[in-house]
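Residue-level structural notes
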Amino acid sequence: MEDRRINHRTYEHPASGQHYQLVGVLDRGAGALLDFFLLVILGVAVILAAVLLMRVTADSSALLALLSELSLLLLGPLYFLLCWYRWGKTPGMRAVDAELVDRRTLARPVWWRLVLRYLVFVALCVVLGGYAILLLAVWMSVDKRRQGPHDRLAGTLVILRVPAQPQTQAVDGLKPVA
């Protein structure tokens, strides 16, 4: 069932009656940029912690180097998947008031949808390299639901919840005051 369009930007979910707006490319890009900066800061912190541990324990430097590389590889998936699962948004999404929801229910997506969304995004980045961000921006700009391929395949939306506007009716031919 298609969501009912209230006005140019606002939709109403038929089952729940919730109103929402789709988050555009610029807002999503700003949130993603903030998430990238946070991941860089976390990555630098992990590297510094590994260097400090290597200085303290010189005999196990190879093991610590391996652990620091593994933690850097797991940092991205842990950051995104845990934030999406726990809060329905990353800190970057929170900065632009965006929320990741299941397309059908407007509730938080189930775990496997989050994993699928992340893996499709990573696959796009691996296959297309730097062009992936450009492709996603163009795709989301022309897509009716502002969904990238990773959102389409996972059945997710990035939305901004808005309060429902009370219905006003004209009385005896008078226009309602907003």
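Data block above holds the structure.
Residues numbered from 1 in each chain as written. Predicted model: local features only at pLDDT ≥ 70, side-chain atom pairs only at ≥ 80, totals over all residues. Heavy atoms only, no water.

Brief notes about the sheet that holds strand β4 (residues 99-102)
- The five strands lie next to each other as β1-β2-β3-β5-β4, forming an open sheet whose pairing is antiparallel. Here the strands that pair on one side only, and so sit at the sheet edges, are β1 (4-5) and β4.
- Where β4 and strand β5 (residues 156-162) come together, four bridges link them in antiparallel fashion. Bridging across to β5, Asp 102 finds its partner in Thr 156. (Pairing = 2+ DSSP bridges. Helix = DSSP H or I, 4+ residues; strand = E, 2+ residues; numbered from the N terminus.)

Some thoughts on the pattern of salt bridges
- Summed over all chains, the structure comprises nine salt bridges.
- For the salt bridge of Arg 152 with Asp 143, the shortest nitrogen-to-oxygen distance reads 2.5 Å.
- Residue classification places Arg 152 among the partly exposed residues on the basis of a relative accessible area of 42%.
- A cluster of three or more residues bridged by salt bridges with shared partners is formed by Asp 3, Arg 103 and Arg 145. (Salt bridge = Lys/Arg side-chain N within 4 Å of Asp/Glu carboxyl O. Buried < 20%, exposed > 50% of the residue type's maximum accessible area, 1.4 Å probe, protein only.)

Some remarks on a nonpolar patch on the surface
- A cluster of nonpolar side chains, contributed by Leu 66, Leu 67, Leu 70, Leu 73, Leu 74, Leu 78, Leu 82, Tyr 85 and Trp 111, occupies part of the molecular surface with about 910 Å² of accessible area.
- Among the elements that make up the nonpolar patch, the one with the highest residue count is helix α2 (residues 61-87) (eight residues).
- Residue position: Tyr 85 is located in helix α2. (Patch = residues over 30% accessible without salt bridge, like charges linked within 9 Å, V, L, I, M, F, W, Y side chains within 5 Å. Areas by Shrake-Rupley, 256 points an atom, 1.4 Å probe, with all protein chains shown as cover.)

Brief notes about helix α1 (residues 25-56)
- Between the first and last C-alpha of α1 there are 46 Å, a value that for 32 residues agrees with the 46 Å anticipated at 1.5 Å per step.
- What α1 keeps buried is the set Arg 28, Gly 31, Asp 35, Leu 39, Gly 43 and Ala 50. (Expected span 1.5 Å × (residues − 1).)

A few points about the pairing of β5
- In terms of strand pairing, strand β3 (residues 19-22) meets β5 through four bridges, oriented antiparallel. Bridge pairing in β5 links His 19 to Val 162.

Here we look at the nonpolar core
- With 14 residues, the main nonpolar core has Phe 80, Trp 84, Met 93, Leu 100 and Val 158 as its most contacted residues.
- Listed by contribution, the elements that provide at least two residues to this core are α2 and α4 (111-128).
- If one sorts the elements of this core by residue count, α2 sits on top with six residues.
- Once residues lying within four places of it in the same chain are set aside, the contact partners of Trp 84 are Lys 89, Thr 90, Met 93, Leu 100, Arg 108, Leu 114, Arg 117 and Tyr 118.
- Among the nonpolar cores identified, the runner-up in size contains seven residues, and Tyr 20, Leu 22, Leu 106 and Leu 157 belong to it. (Core = buried A, V, L, I, M, F, W, Y, C linked by side-chain atoms within 4.5 Å. Contact = heavy atoms within 4.5 Å.)

Quick notes on the environment of Leu 114
- Following the sequence through the fold, Leu 114 ends up in helix α4.
- For Leu 114, a relative accessible area of 0% gives the class buried.
- Considering only alpha carbons, one finds Leu 114 and Gly 88, 26 residues apart in sequence, at a separation of 9.9 Å.
- Every residue in contact with Leu 114, bar those within four places of it in the chain, is listed here: Leu 81, Trp 84, Tyr 85, Leu 100 and Pro 109.

A short note on unusual backbone geometry
- The phi dihedral of Asp 97 is positive, around 60°, even though this residue is not glycine.
- With respect to the helices and strands, Asp 97 occurs in the loop between α3 (91-95) and β4.
- Within the chain, Leu 106 stands out as a residue other than glycine whose phi angle is a positive 60°.
- Note that Leu 106 resides in the loop between β4 and α4.

Examining the environment of Pro 149
- Summarising the element assignment, Pro 149 is placed in helix α6 (residues 149-154).
- Using a relative accessible area of 10% as the deciding quantity, one classes Pro 149 as buried.
- Once the C-alpha coordinates of Pro 149 and Phe 121 are considered, the two residues, 28 residues apart in sequence, prove to be 8.0 Å apart.
- Once residues lying within four places of it in the same chain are set aside, the contact partners of Pro 149 are Val 120, Leu 124, Leu 136 and Trp 139.

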